[in-house]
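Chain residues, written in single-letter form:
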Amino acid sequence: SGFFISLDGLILTNKHVVEDTAAEYTIITNNGKKLPAKVLARDKLLDIAILKVDGAGYNFVPLGDSDTLKVGQSVIAIGNALGEFQNTVSTGVISGLKRNITAFGAQGGPEDLQSLIQTDAAINPGNSGGPLLDGFGRAIGINTALAQGAQSIGFALPINFAKKDISDIKKFNKIKNAFLGVRYAIITPEIKQKNNLTVNYGALVSKDSKGEAAVYPNGPADKAGIKENDIILEFANKKIDLLNPLAQMISKKNAGDTVVIKILKNGKEINISITLEETPSNI
């Protein structure tokens with residue numbers, strides 16, 4: 001599924017819906033009209049893609065503000081359920097906020113998705129990429145995943161995640177993700193105990209499960225002197241924890257932005273100024 005977000009034919013959907021880069025894509029509108037579509041960009045970090053069809057005057061869905069959502073708020077999900085039942089509408093409420101999940105089913109493998117909206121509005125296979133609407137008909141999320149083996153547990157990407165991508169497309173004709181250049185694990189009680197840490201929050205700079213380097217060579221973090229086993233405590237004066245993950249904070253910034261981060265290095269807290277770069281093409 002997908003939905004128009006502008007009069008001139010911009011369409012928002014999930015990256016996993018259009019992840020085949022060799023394929024040609026056609027959209028089918030509500031009235032059955034078929035239109036060839038071009039994928040303008042796929043976000044490397046988020047399950048978001050932006051498409052474009054030629055023409056103008058399309059009815060589009062206005063965007064809401066996902067930062068103001070509250071648990072219990074009524075929502076409406078729209079999409080092509082099971083790829084068979086076009087424009088299925090389901091209603092429910094926001095069941096939870098800032099949920100972190102690992103989503104399966106994409107060709108590229110599992111994806112770790114953070115800070116999602118949980119809803120009991122029915123989301124089925126085929127709904128991916130459709131809008132999650134508030135009571136005023138504004139898109140406040142992009143339907144993305146469901147919990148297998150459960151009832152009425154679906155997830156949507158907050159619409160504010162997509163706003164920067166949309167702005168980048170209009171300014172640069174591509175998505176320019178900001179890049180810090182570290183691999184890390186958000187500190188949990190288990191990680192604190194296992195590594196004998198002195199703090200219970202932050203991002204522990206560490207190798208990933210494949211053993212890849214904790215700090216990307218010659219990246220912004222490397223240039224600033226960040227090393228493996230340093231702990232990033234704050235990013236732009238915001239504390240890092242499970243509800244406020246580092247990746248989400250970075251995603252709200254632009255390449256070229258300079259931010260101050262607080263790190264714990266060799267038992268001492270220090271502030272470092274870092275200029276973020278554009279994510280390299282090979283990542």
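For the structure itself, look to the data block above.
Since the structure is predicted, the reported quantities are computational estimates derived from the model, not experimental observations. (Residues numbered from 1 in each chain as written. Predicted model: local features only at pLDDT ≥ 70, side-chain atom pairs only at ≥ 80, totals over all residues. Heavy atoms only, no water.)

What about the overall build of the protein?
Each helix and strand in the protein was counted, giving four helices and 19 strands. For the protein, the C-alpha radius of gyration of 20 Å lies close to 19 Å, the compact-globule estimate for 283 residues. When the backbone C-alpha atoms are referred to their principal axes, the protein occupies close to 65 × 40 × 35 Å. Looking at the protein as a whole, 45% of its 283 residues qualify as buried. (Helix = DSSP H or I, 4+ residues; strand = E, 2+ residues; numbered from the N terminus. Rg over C-alpha atoms; globule rule 2.2 N^0.38 Å. Buried < 20%, exposed > 50% of the residue type's maximum accessible area, 1.4 Å probe, protein only.)

Re the sheet that holds strand β8 (residues 111–119)
With respect to topology, six strands assemble into a closed barrel ordered β6-β7-β8-β11-β10-β9, the strand pairing being antiparallel. The average angle at which neighbouring strand axes cross in this sheet is 55°, direction not considered. Where strand β6 (residues 74–81) lies against strand β7 (residues 85–103), seven bridges are found, and the strand directions are antiparallel. Within β7, the residue paired with A77 across the bridge is S90. Across the face of the sheet, helix α1 (residues 159–172) comes into contact with β8, β10 (139–146) and β11 (154–158) while running at roughly 40° to β11. (Pairing = 2+ DSSP bridges. Axes fitted to C-alpha atoms, helices over the stretch in contact; angles between N-to-C directions. Contact = heavy atoms within 4.5 Å.)

What to know about the packing of aromatic side chains
Taken as a whole and assessed by the stated rule, the structure comprises two aromatic pairs. Geometrically, the ring pair formed by F4 and Y58 is stacked, given 4.6 Å between the ring centres and 10° between the ring planes. Pair noted here: F4 is in strand β1 (residues 3–4) and Y58 is in the loop between β5 (49–52) and β6, with a separation of 54 residues, a long-range link. Owing to a relative accessible area of 15%, F4 belongs among the buried residues under this scheme. With a centroid separation of 5.3 Å and 90° between ring planes, the pair formed by F179 and Y216 is classed as edge-to-face. One end of the pair, F179, is in strand β12 (residues 178–179); the other, Y216, is in the loop between β14 (203–205) and α3 (220–223), and 37 residues separate them in sequence. The ring of F172 has K176 sitting right over it, with the charged end atom 4.3 Å from the ring centre. Stacked on the ring of Y201, the Lys or Arg K239 has its end atom at 4.3 Å from the ring centre. (Phe/Tyr/Trp six-rings, centres within 6.5 Å; stacked < 30°, edge-to-face > 60°. Lys NZ or Arg CZ within 6 Å of the ring centre and 35° of its normal.)

Side note on the environment of R99
Relative to the assigned elements, R99 resides in strand β7. It is 31 Å that separates the C-alpha atoms of R99 and Y25, two residues lying 74 residues apart in sequence. In contact with R99, other than residues within four places in its own chain, are L113, Q114, S115, L116, Q118 and F155. Polar contacts involving the side chain of R99 include one to the side chain of Q118, which spans 2.7 Å. (Polar contact = N/O pair within 3.5 Å; in protein donor to acceptor, adjacent residues only side chain to side chain.)

Quick word on the pattern of salt bridges
A complete count under the given rule lists nine salt bridges for this structure. The partner of E234 in a salt bridge is K262, and the shortest N-O contact between them spans 3.7 Å. One end of the pair, E234, is in strand β15 (residues 231–235); the other, K262, is in strand β17 (residues 258–265), and 28 residues separate them in sequence. A single network of salt bridges, built from pairs that share partners, joins R183, D208 and E212. (Salt bridge = Lys/Arg side-chain N within 4 Å of Asp/Glu carboxyl O.)

Notes on unusual backbone geometry
Located in the positive-phi region is N173, a residue other than glycine, with phi close to 65°. Within the element layout of this structure, N173 appears in the loop between α1 and β12. Since its relative accessible area comes to 62%, N173 is described here as exposed. Here A236, not a glycine, exhibits a phi torsion of approximately 55°, which is positive. Note that A236 resides in the loop between β15 and β16 (238–239). Judged by its relative accessible area of 25%, A236 is partly exposed.

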